[in-house]
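These are the residues of each chain, in order.
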Amino acid sequence: MSDLIVIVYPTESKAEEVRQRLLELQKEYLIKLGDAVIATKTESGKIKLNQLMNTTATGAISGSFWGLLIGVLFLNPILGVAVGAASGAIGGALTDVGINDAFMKDLAASLHPGNGALFLLVQSITSDKVLKEIQGYGGHVLKTSLDETKEQILRDALESASKAAEADGTKT
């Protein structure tokens, strides 16, 4: 079973930095992510989602391949590529994998403009090692599906880094 964790950072770049570190930890088999999305709110109030995988582009590429293959069979590869790319892009745009986009946009509506919310769908984790790696980035836990004990451990670790940064006069 996967766990949802949403951590808010003061900037989108800080959230991206943490996401990249988690992806590195995934290569070390310390965490397995089902999804990792950064949501930001613009000054005008619009919510922007920065996803790892662009399903529209992936669908267009896949559709182009299959359209070319079918087009070659019917002696019209150019038309096959065009139709395949268009249908693949439409299918990709309608596909929602990982965390539900509407849920992320609703939750991100509470952000202050400029903040970055890192949405994580964690399939498995070596908690102590991963927590040690990300606690220095600070952040504020917005929502989790963790049990109360694990959630409190996460909150305490992130808040201790934020308090240490404030004491130093820097902002995490």
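Whatever comes next refers back to the structure up there.
Okay, so let's go over this structure. Everything numeric in this text was worked out from a predicted model, so none of it was measured. (Residues numbered from 1 in each chain as written. Predicted model: local features only at pLDDT ≥ 70, side-chain atom pairs only at ≥ 80, totals over all residues. Heavy atoms only, no water.)

### Examining the overall build of the chain
When its secondary structure is counted, the chain shows six helices and five strands. Ordering the α and β elements of the chain from the N terminus gives β-α-β-β-α-α-α-β-α-β-α. Put simply, the chain has 172 residues, and 39% of those count as buried. Residue pairs at least 24 apart in sequence account for 72% of intrachain contacts in the chain once pairs closer than 6 positions are excluded. Counting only carbon and sulfur atoms, one obtains 59% of the accessible surface of the chain, whose full area is about 10,000 Å². (Helix = DSSP H or I, 4+ residues; strand = E, 2+ residues; numbered from the N terminus. Buried < 20%, exposed > 50% of the residue type's maximum accessible area, 1.4 Å probe, protein only. Contact = heavy atoms within 4.5 Å. Areas by Shrake-Rupley, 256 points an atom, 1.4 Å probe, with all protein chains shown as cover.)

### Side note on the pattern of salt bridges
Using the criterion set out here, one finds five salt bridges in the structure. Put simply, R21 and E24 hold a salt bridge, and the shortest N to O gap is 2.7 Å. Residue R21 and its partner E24 are located together in helix α1 (residues 12-27), separated by three residues, close to a single helical turn. Given the relative accessible area of 16%, R21 is considered buried. R21 is the salt-bridge partner of E133, the closest N and O atoms lying 2.6 Å from each other. With a gap of 112 residues between them, E133 in helix α5 (residues 127-134) and R21 in helix α1 connect regions that are remote in the sequence. Classification of E133 as partly exposed rests on a relative accessible area of 34%. Among the charged side chains, a network of salt bridges with common partners joins R21, E24 and E133. (Salt bridge = Lys/Arg side-chain N within 4 Å of Asp/Glu carboxyl O.)

### Examining α1
In a regular helix each residue adds 1.5 Å, so 16 residues correspond to 22 Å; α1 covers 23 Å between its end C-alpha atoms and thus fits that length. Inspection of α1 places K14, A15, V18, R19, R21, L22, L23 and L25 among the buried residues, and these make up the whole buried set. Buried residues along α1 sit in contact with β1 (3-9), β2 (31-41), β3 (47-50), β4 (116-125) and α5. Looking at the residues trailing α1, positive phi occurs at Y29, about 60°. (Expected span 1.5 Å × (residues − 1).)

### Observations concerning the packing of α1 against α5
Between α1 and α5, whose axes approach to 10 Å, the crossing angle comes to 145°. Relative to α5, the crossing made by α1 is right-handed. In this structure, α1 contributes V18, R21, L22 and L25 to the contact, and α5 contributes V130, E133 and I134. Within the contact of α1 with α5, the residues separate by chemical class into five nonpolar, no polar and two charged. (Axes fitted to C-alpha atoms, helices over the stretch in contact; angles between N-to-C directions. Left-handed = near helix turned anticlockwise from the far one by under 90°. Nonpolar A, V, L, I, M, F, W, Y, C, P; charged D, E, K, R; others polar.)

### Some details on the packing of aromatic side chains
Throughout the structure, instances matching the rule amount to one aromatic pair. Seen in terms of ring centroids, F103 and F119 are 6.5 Å apart; in terms of plane orientation they differ by 80°. Their pairing is edge-to-face. Remark: F119 occurs in strand β4 and F103 occurs in helix α4 (residues 101-108); sequence separation between them is 16 residues. You can call F103 partly exposed: its relative accessible area is 29%. A relative accessible area of 0% means that F119 is categorised as buried. (Phe/Tyr/Trp six-rings, centres within 6.5 Å; stacked < 30°, edge-to-face > 60°.)

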